[in-house]
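# Commentary on secondary and tertiary structure
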Amino acid sequence: MTPARLPSPGLARYGMVVLLLATAGLFAGHSVHNAMRGDRWLAVVRGCAAGRPLDAVPADSGDGVAYLSCVSAVEHQRSAYALAGAVAVVLLGAVLMLLLPYRLLLRARPLRPAEPRFTSRAADAAVRLGLRRAPTVLVGNWRLQEPFTVRTLRGIRIVVPPGLRRLPPEQIDAVLRHEVAHVRASDVTLVWLIRGMWWALPPALLVPLVLMNRNVLARPRALIGAPLDLIRVVLGGAYYWNYLLRGLLLLVVAATVAAAVLRSREHEADLAAAAAGDEGLLALLAAQPATRPRPWRRLRAVHPPAATRVAALTDPHRVMELRVLDAAAAGLLIAMMIPVVHMALPADPETGMLRNSAHVTGVIAGTLLALVWGQAVWRAALVAERTGRPLRLRRSTATLAGAMVAGMLAHIAGLPMFGAGLFDNVVMLILLPAVTAAAITLSGALAVAWARRTAGVAPSRRAWPAVVVLNAMLFTGALWIALDVFGTVWAARGGHPGDPHAWAGGLVQGLTYNAYQEGAAVTVAAVGLLAGRWTADRPAARGWFRTVVLVTAPAIAALMYRWMLLSPDADAAQGRTRDFWSAAAAGAVVLALVLARRGPSGLIPGLAVAPAATLIVSAAIWVRYLPHWLHLGGAARLYLTMPIALLAPAFLVAALCTAPFPTPARRP
């Protein structure tokens, strides 16, 4: 297996750049709305709340629906401002991505056609790397120190420094193959999005400050006096200090992501260039100074240090391994994005899943996690299986979860206090990173089982979209569970302030009756089927007879407890809830038994057999009341999906319990 057969990690990182631009734009649009329309929005919201505190209006009550209908118009206007800000900043980055290459070409002038030996060598490199058309090679001015490649309206141009003539032929070939490899990677234009990001982020962060203080700037002052007044106002307010510090953190995350993207593409180009022989490239890198640059210069560097590039050429698979820096950048960016996206979505009287702002935020964050990190975990699992090195999932998962805590504490739209919004409280500060870590552990366990089943052989490119979809289901489901549980527990405690057990009722309600039952059931079923397929040679217990006993014994115990020990049901709703939880408990007990017996290595075999115990109990209950069902199909669907969906939290808890332990070693 070669890294070329695996999906490029750089493409997901470009997605992080777009996400960063969109996050800054969402916040800029929201801030502009506050500056331009904030007074009217606040007046409407207070009027619709009828004097009650805004957090005292239950969203699922009649008053809550009426309140949401009342504020719908101003909420949609606020959302439109935020969306317009995101579109504007992303478009600004895209326009700069197209224009900035011409700026570099102007700085490299005068440009002249390269000598025929350069042109022929570039054409030969293009043929070897599978390009249909060779790029044009030009020679820049004497100030140019490094070659670069750009795409213009006239085609792709490789601009080399005049000093390239003094290199040996094999090193000239290595340089040209490296630049042609960038062309084959199809990111010659996309890489300029990094430069465009640095031009687009400062206006996105500064424009809201200017509009918030437009009254100060409108006073009759000299050209020097107005900026000084603005600086005095900004530096004199705690809100502005809070804003500036969070904006600085966003810029640090941007620098980290940009460095990861630029270095990743250089490693990939080196590997592609070395496929036809790496002697010239190794000699060229060995000739570079061995001094280690200072930390701030490493962040600004476009190319990795020569020693790092040589190590990557010697061991190509290390480029595909999980890196703590990437985990930290992903966790910070996703956590900073979640509250901003939720804030930008309008409050809506509709209660459907796709119209609920919290669930839409979960879908967006879960999909981005699948693209940015889920795919990286599965790619690294293949590399670990192939090379025999550890997956390093534990360290990267802990880093990502810790970065999410920091990101939620310091997200750009945050306030210097807790309790100001859905995501500005201690419970969500712990809950969201915890469920994300559980989903990553679950995804990593599946990836390891898959890699061992395939002996580390990379699949076709058509399999990777399915990997992304599976990870999106895992991450989105985990975030939905956290959001729904928190929402119902919070509402239950607010509705019964004197009841110390109100949170338990809210917890049961949030897990049982929510908007994701069918989706959770599909995800649990998919995980169970894949786990069973990939661990068929390593069942949960030795021999099929023991496996059958392991599954049926908890199922029989759950049925006996449900029908013989529980008190009579107060009503039909309580009876259904008890049925669902009895069936789910059987599967959870099976999973716990397998984990207790086999430790972390039993997670995937346990996931394979736990749904079977749940289905046995659910089917037995459905059959017992068969004469009483008015709609057999509806009852069958309900008793099939609800108990299986309740296994989703059990899967996450089991994965979280195994997260602190290292990934089980590969069998000899």
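## A few points about the overall build of the chain
Across its full length, the chain holds 22 helices and four strands. The 668 residues of the chain split such that 50% are buried. In the chain, the share of contacts with a sequence separation of at least 24, taken over all contacts with a separation of at least 6, comes to 80%. Of the roughly 31700 Å² that the chain leaves accessible, carbon and sulfur atoms contribute 65%.

## A short note on a nonpolar patch on the surface
On the surface, a cluster of nonpolar side chains totalling about 670 Å² of accessible area is made up of Ile556, Met560, Tyr561, Trp563, Met564 and Leu565. Tracing the sequence through the fold places Tyr561 in helix 19 (residues 544-565). Judged by relative accessible area, Tyr561 falls into the partly exposed class, the value being 44%.

## A closer look at a positive patch on the surface
Taken together, the side chains of Arg103, Arg107, Arg143 and Arg195 make up a positively charged region of the molecular surface. Considering the arrangement of structural elements, one finds Arg103 in helix 2 (residues 62-107).

## Here we look at empty space enclosed by the protein
According to the stated counting rule, one finds three cavities of 30 Å³ or more in the structure shown. Considering only enclosed or pocket space, the largest cavity measures out at about 180 Å³ in volume. Lining the largest cavity are 17 residues, and of these Arg13, Asp326, Val372, Trp373 and Ala376 lie nearest its centre.

## Looking at helix 4 (residues 169-184)
Compared with the 22 Å implied by 1.5 Å per residue over 16 residues, the 22 Å span of helix 4 between its first and last C-alpha is a close match. In terms of burial, helix 4 is largely enclosed, as twelve of its 16 residues are buried. Residues of helix 4 that are buried: Gln171, Ile172, Ala174, Val175, Leu176, Arg177, His178, Glu179, Val180, Ala181, His182 and Val183.

## What to know about the sheet that holds strand 4 (residues 155-160)
In space, the four strands of this open sheet follow the order 1-2-4-3, with mixed pairing throughout. At either end of the open sheet lies a strand with only one pairing partner, and these are strand 1 (112-113) and strand 3 (148-152). Bridge count between strand 2 (residues 136-139) and strand 4: four bridges; the pairing is parallel. What sits directly across from Val137, in strand 4, is Ile158.

## Thoughts on the confidence of the model for the chain
Confidence in the prediction of the chain, expressed as mean pLDDT, is 80, and 81% of residues score 70 or more. Helix 10 (residues 295-300) is the least confidently modelled element of the chain, averaging 52 in pLDDT, while helix 21 (residues 603-624) averages 92, the highest of any element. Note that pLDDT drops below 50 for residues 54-62; the model gives that stretch ten contacts with residues more than four away or on any other chain. A low-confidence stretch, residues 416-420 (pLDDT under 50), is modelled with eleven contacts involving residues beyond four sequence positions or located in other chains.

## Here we look at the packing of helix 3 (residues 116-128) against helix 4
The contact between helix 3 and helix 4 brings their axes to 9 Å, and the two run at 55°. Taken together, the axis directions place helix 3 and helix 4 in an arrangement best described as oblique. Of the two elements, helix 3 crosses helix 4, and the hand of that crossing is right-handed. Note on element contacts: helix 4 touches helix 3 through Pro169, Ile172, Asp173, Leu176, Arg177 and Val180, opposite Arg117, Phe118, Arg121, Ala122, Ala125 and Ala126. A per-class count over the contact of helix 3 with helix 4 returns eight nonpolar, no polar and four charged.

## With respect to unusual backbone geometry
Arg109 connects to Pro110 through a cis peptide bond whose omega is 0°. Phi angles above zero are rare outside glycine, and Arg392 is one such case at about 60°. Mapping Arg392 onto the fold places it in the loop between helix 13 (357-387) and helix 14 (393-409). For Arg392, a relative accessible area of 39% corresponds to the partly exposed category.

## Remarks on the pattern of salt bridges
This model, assessed by the stated rule, comprises nine salt bridges. Arg562 serves as the salt-bridge partner of Asp579, at 2.7 Å between the closest nitrogen and oxygen. Note that Asp579 is positioned in helix 20 (residues 572-598) and Arg562 in helix 19, a separation of 17 residues in sequence. Grouping residues by exposure puts Asp579 and Arg562 together as buried.

## Observations concerning the environment of Thr614
Tracing the chain through its elements places Thr614 in helix 21. By relative accessible area, which is 1% here, Thr614 ends up buried. Sequence separation between Thr614 and Leu640 is 26 residues, and the spatial gap between their C-alpha atoms is 9.2 Å. Residues contacting Thr614, with those up to four places away along its chain left out, are Ala583, Ala584, Gly587, Pro643, Ile644 and Leu647. Polar contacts involving the side chain of Thr614 include one to the main-chain carbonyl oxygen of Ala583, which spans 3.1 Å.

## Section: the packing of aromatic side chains
Going through the model one piece at a time under the given rule, you end up with six aromatic pairs. Consider the rings of Trp378 and Trp534, whose centres lie 6.1 Å apart with planes at 70°: the pair is edge-to-face. Of the two residues, Trp378 is situated in helix 13 and Trp534 in helix 18 (residues 517-534); the sequence distance between them amounts to 156 residues. Residues Trp378 and Trp534 agree in their burial class; the two are buried. Note on Tyr625 and Trp629: the rings are 6.4 Å apart at their centroids and 75° apart in plane angle, and the pair reads as edge-to-face. Exposure remark for Trp629: the relative accessible area of 22% places this residue in the partly exposed category. Counting every residue linked through ring pairs, the aromatic cluster contains Trp378, Trp450, Trp464 and Trp534. Lying over the aromatic face of Trp142, Arg143 brings its terminal NZ or CZ to 5.7 Å of the ring centre.

## A few points about the pairing of strand 3
Where burial is concerned, most of strand 3 is hidden: four out of the five residues are buried. Both strand 3 and strand 4 contribute to a ladder of five bridges, which runs antiparallel. Bridge pairing in strand 4 links Arg151 to Ile156. Two successive antiparallel strands, strand 3 and strand 4, enclose a turn made up of two residues.

## Considerations on the nonpolar core
In terms of nonpolar packing, the biggest core is built from 151 residues, with Trp378, Leu446, Leu607 and Phe651 touching the most fellow members. Top contributing element to this core by residue count: helix 16 (residues 463-495), with 16 residues. The residues contacting Trp378, other than those within four sequence positions of it, are Ser443, Leu446, Ala447, Trp450, Trp464, Val467, Leu470, Asn471 and Trp534. Counting 23 residues, the second-largest nonpolar core is a separate cluster that includes Leu129, Val139, Ile172 and Val183.

## With respect to the packing of helix 13 against helix 15 (residues 426-453)
Running from amino to carboxyl end, helix 13 crosses helix 15 at an angle of 35°, the nearest separation of the two axes being 9 Å. Two packed elements cross with a definite hand, and for helix 13 against helix 15 that hand is right-handed. On helix 15, the residues that touch Leu369, Trp373, Val377, Trp378, Ala381, Leu382 and Glu385 of helix 13 are Thr436, Ile440, Ser443, Gly444, Leu446, Ala447, Val448, Trp450, Ala451 and Arg452.

## Remarks on the environment of Arg392
Spatially, the C-alpha atom of Arg392 lies 7.8 Å from that of Pro662, the residues being 270 residues apart in sequence. Those residues within four positions of Arg392 in sequence are excluded, and the remaining contacts are Glu321 and Leu322.

Calculation criteria
- Residues numbered from 1 in each chain as written.
- Predicted model: local features only at pLDDT ≥ 70, side-chain atom pairs only at ≥ 80, totals over all residues.
- Heavy atoms only, no water.
- Helix = DSSP H or I, 4+ residues; strand = E, 2+ residues; numbered from the N terminus.
- Buried < 20%, exposed > 50% of the residue type's maximum accessible area, 1.4 Å probe, protein only.
- Contact = heavy atoms within 4.5 Å.
- Areas by Shrake-Rupley, 256 points an atom, 1.4 Å probe, with all protein chains shown as cover.
- Patch = residues over 30% accessible without salt bridge, like charges linked within 9 Å, V, L, I, M, F, W, Y side chains within 5 Å.
- Salt bridge = Lys/Arg side-chain N within 4 Å of Asp/Glu carboxyl O.
- Lys, Arg positive; Asp, Glu negative; His and termini not counted.
- Charge placed at Lys NZ, Arg CZ, Asp CG, Glu CD.
- 1 Å grid on protein atoms, 1.4 Å probe; cavity = no way out; pocket = protein on both sides within 12 Å on 5 of 7 lines; lining within 4 Å.
- Points joined across faces, edges and corners; volume = space filled by probe spheres on them.
- Expected span 1.5 Å × (residues − 1).
- Pairing = 2+ DSSP bridges.
- pLDDT = per-residue confidence, 0-100.
- Axes fitted to C-alpha atoms, helices over the stretch in contact; angles between N-to-C directions.
- Parallel < 35°, antiparallel > 145°, perpendicular 65-115°, else oblique.
- Left-handed = near helix turned anticlockwise from the far one by under 90°.
- Nonpolar A, V, L, I, M, F, W, Y, C, P; charged D, E, K, R; others polar.
- Polar contact = N/O pair within 3.5 Å; in protein donor to acceptor, adjacent residues only side chain to side chain.
- Phe/Tyr/Trp six-rings, centres within 6.5 Å; stacked < 30°, edge-to-face > 60°.
- Lys NZ or Arg CZ within 6 Å of the ring centre and 35° of its normal.
- Core = buried A, V, L, I, M, F, W, Y, C linked by side-chain atoms within 4.5 Å.

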